Amino acid sequence: MGTSIAPRLLAWFDANRRDLPWRRRTDAWAIWVSEVMLQQTRVEAVRAAYERFVARFPTPAEFAGASDDDLMQAWRGLGYYRRARLLREGARAVVREHGGEVPSDPDELGRLPGIGVYTRGAVASIAFGHAEPAVDGNVERVLARHRGIGSPIKQAATQRQIRAQVVEWLDDRRAGDFNQALMELGAMVCTPTSPACADCPIGSDCVAHAEGTTAALPVRPPKRQNIDVTSHAILVRDETGERALGNRVPANEPNAGQVELPGAGILVTTDTDALPGILRQRHGATVALTGELARVRHAITHHRITFVVHGATVSDPGRLEWLPLTDATPWTTPARKAFAKASTWPGRRSRPPGSAEA
Ligand code: SF4
């Protein structure tokens, strides 16, 4: 299966590794948190949230006791809040079953809620030095190209082939560094659309580079088509201007646990005329619309959502709640964008955190 790339890869990593906050930590909890945050989220977005999170929840026990609102606030800016709830379940299991210490045994790690195959490998190797592979999308790409693997990357047999190759190459004296080096190479050099093969430390025996097939590898399933959604909601403040009407999103809906602007929900296409009836039916509220305030765009996976936000007078709020326009309320990202666009965020700051428009 070829000469091990470990010496070249590790030498490159030692000279080029990015100075990231989680790389300065050695405790398993901090590494676990970073690995969960980095799934589906850009490094730059994770950087700020990570420091805030580990300062506030330095051990699993502290996070195990976090309320839903604390959890939402600590995870703000990262999206995919389900990850945070699973992380809390994992922290609770650590407290309940392991006396608050993250277990070092890979199998025990793998049994914790929220820890899948990748996270198990990452924490076991980086925090505890076990010779376990940690295969994420970056590693898949590097391996598929370097070994010239032309079978669909998500196929079980391909995944087994990749894991076996990583295990064979892995330098078990520096297992965590080896895994991080492969991921770093994928993030910095062997990038999805323009790999810098001329600068690649493992380019001399790379099959895709030699055969000119980097653009074709790895083989992924065709992308899902985008779905356009237009959804309407109301933005109403109380007479103080310090609170707005919100709906706590119930469990099992997108954005569960957060507070959204009252409307039909995030993935439901509606029109303006239907909005008062929806608010009556969904929340027992009686409102009259007073005109459009703002339009904001938001994307979730392959959904491209346009939110049309209306002003309204409210004669009965029903089950909706008047909630503070502060960081302490876990407003959804579309709601924050609407507050910024409609200039309704009180205080000296004109826009809430996490409201940058796409
Ligand atoms: S030579 Fe190019 S394609 Fe091969 S691993 Fe390096 S960057 Fe990726």
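Residues numbered from 1 in each chain as written. Predicted model: local features only at pLDDT ≥ 70, side-chain atom pairs only at ≥ 80, totals over all residues.

Remarks on the overall build of the protein
Let me state the cut-off plainly: Strands are runs of DSSP state E lasting at least two residues, helices are runs of H or I lasting at least four, and both sets are numbered from the N terminus onward. Throughout, a residue-residue contact means that the two C-beta atoms, derived from backbone geometry, are no farther apart than 7 Å.
Looking only at helices and strands, the protein features 14 helices and six strands. For the protein, the C-alpha atoms occupy an extent of roughly 75 × 50 × 35 Å along the three principal directions. Summarising the internal contacts of the protein: among those between residues at least 6 apart in sequence, 65% fall at separations of at least 24.

Looking at the sheet that holds strand E6 (residues 321-324)
To keep it simple, the criterion reads: Strand pairing follows a simple DSSP-based rule, namely that at least 2 bridges must link the two strands.
On the basis of which strands lie adjacent, the open sheet formed by three strands has the order E3-E2-E6 and antiparallel pairing. Every other strand in the sheet has two partners, leaving strand E3 (259-260) and E6 as the edge strands with one partner each.

Some remarks on unusual backbone geometry
Formally: Our exposure labels follow a C-beta count within 10 Å of each residue's own C-beta, placed from the backbone: buried means 20 or more other C-beta atoms, exposed means 12 or fewer, and partly exposed covers the counts in between.
Here the bond from Leu217 into Pro218 is cis, since omega is 0 degrees, no more than 30 degrees from zero. Along the chain, the position of Pro218 falls in the loop between helix H12 (207-211) and strand E1 (227-234). One non-glycine residue with positive phi stands out, namely Gln40, at about 70 degrees. With respect to the helices, strands and loops of the structure, Gln40 is situated in the loop between helix H2 (28-38) and helix H3 (43-56). Among the residues examined, Gln40 registers 12 C-beta atoms within 10 Å and is labelled exposed. Located in the positive-phi region is Tyr80, a residue other than glycine, with phi close to 45 degrees. Mapping Tyr80 onto the fold places it in the loop between helix H5 (68-74) and helix H6 (82-98).

Remarks on the domain arrangement of the protein
Our working definition: Note that the domain bounds reflect an automated or database-derived domain assignment.
By domain assignment, the protein separates into domain 1 (6-216) and domain 2 (227-341). Listed by partner, the interface residues are five residues for domain 1 and five residues for domain 2.

Re helix H9 (residues 137-146)
When you tally the buried positions in H9, you get eight out of ten residues, the bulk of the element. Listed in full, the buried residues belonging to H9 are Val139, Glu140, Arg141, Val142, Leu143, Ala144, Arg145 and His146. As for H9, its buried residues are in contact with helix H10 (156-169), helix H11 (175-188) and H12. Phi turns positive, to about 65 degrees, at Gly148, one or two residues after H9.

What to know about the packing of H2 against helix H8 (residues 117-128)
Selection rule: Helix axes use the C-alpha atoms of the stretch in contact, all axes being lines fitted to C-alpha atoms, and the angles between their N-to-C directions lie in the range 0 to 180 degrees. Left-handed describes a crossing in which the near helix is turned anticlockwise from the far one by less than a right angle; the clockwise case is right-handed.
Interaxial distance between H2 and H8 falls to 9 Å at its minimum, and their mutual angle equals 145 degrees. Considering the relative orientation of H2 and H8, their crossing is right-handed. The segment H2 lies against H8, with Ala28, Ile31, Trp32, Glu35 and Val36 engaging Thr119, Ala122, Val123, Ile126, Ala127 and Phe128.

Brief notes about the sheet that holds strand E4 (residues 286-300)
Taken together, three strands build an open sheet; the order of strands is E1-E5-E4 and the sheet is mixed. The open sheet has two edge strands with one neighbour each: E1 and E4. Sheet twist, expressed as the mean angle between neighbouring strand axes with direction ignored, is 20 degrees. The pairing of E4 with strand E5 (residues 303-316) spans 13 bridges and is antiparallel. Bridging across to E5, Leu289 finds its partner in Ala312. Most of the contacts of helix H13 (residues 275-283) go to E4, to which it runs at about 90 degrees, and overall it touches E1, E4 and E5. Strand contacts of helix H14 (residues 333-341): E4 and E5, with the helix running at about 115 degrees to E4, the strand carrying the most contacts.

Quick word on the environment of Arg23
Inspection of the secondary structure puts Arg23 in the loop between helix H1 (6-16) and H2. Using a count of 15 C-beta atoms within 10 Å as the deciding quantity, one classes Arg23 as partly exposed. When the C-alpha positions of Arg23 and Gln180 are compared, they lie 9.6 Å apart, and in sequence the two are 157 residues distant.

A word on the nonpolar core
Filter applied, for reference: Remark: nonpolar core denotes a set of buried Ala, Val, Leu, Ile, Met, Phe, Trp, Tyr and Cys residues whose joining runs through C-beta atoms within 7 Å.
Ranked by internal contacts, the top residues of the largest apolar core, which has 63 residues, are Leu9, Ile31, Trp32, Val33, Val123 and Leu182. It is H2 that contributes the most residues to this core, nine residues altogether. Beyond its immediate stretch of four places on either side in the chain, Val123 contacts Ala28, Ile31, Trp32, Glu35 and Leu109. With 24 residues, the next largest nonpolar core counts Ile234, Leu279, Ala312 and Ala340 among its residues.

Points about the site of the ligand
Rules: Placing the C-beta atom from the backbone, one calls a residue near a molecule or strand if that atom lies within 6 Å of it.
Neighbouring residues of the ligand: 14 residues in total, closest Cys190, Cys197, Cys200, Gly203 and Cys206. With three residues, H9 is the single largest residue contributor to the shell around the ligand.

Some points on H6
Stated precisely, the cut-off is as follows: Under the convention used throughout, the expected extent of a helix is 1.5 Å for every residue step, that is, one less than its residue count. This arc describes the spread of directions from the helix axis toward the C-beta atoms.
Its 17 residues place the ends of H6 23 Å apart at the C-alpha level, agreeing with the 24 Å of an ideal helix rising 1.5 Å per residue. Residues of H6 that are buried include every one of Ala84, Leu87, Arg88, Gly90, Ala91 and Val94, and no others. Buried residues along H6 cover an arc of 160 degrees about the axis, so they all sit on one side. Those residues of H6 that are exposed and angled more than 90 degrees off the buried face are Arg96 and Glu97.

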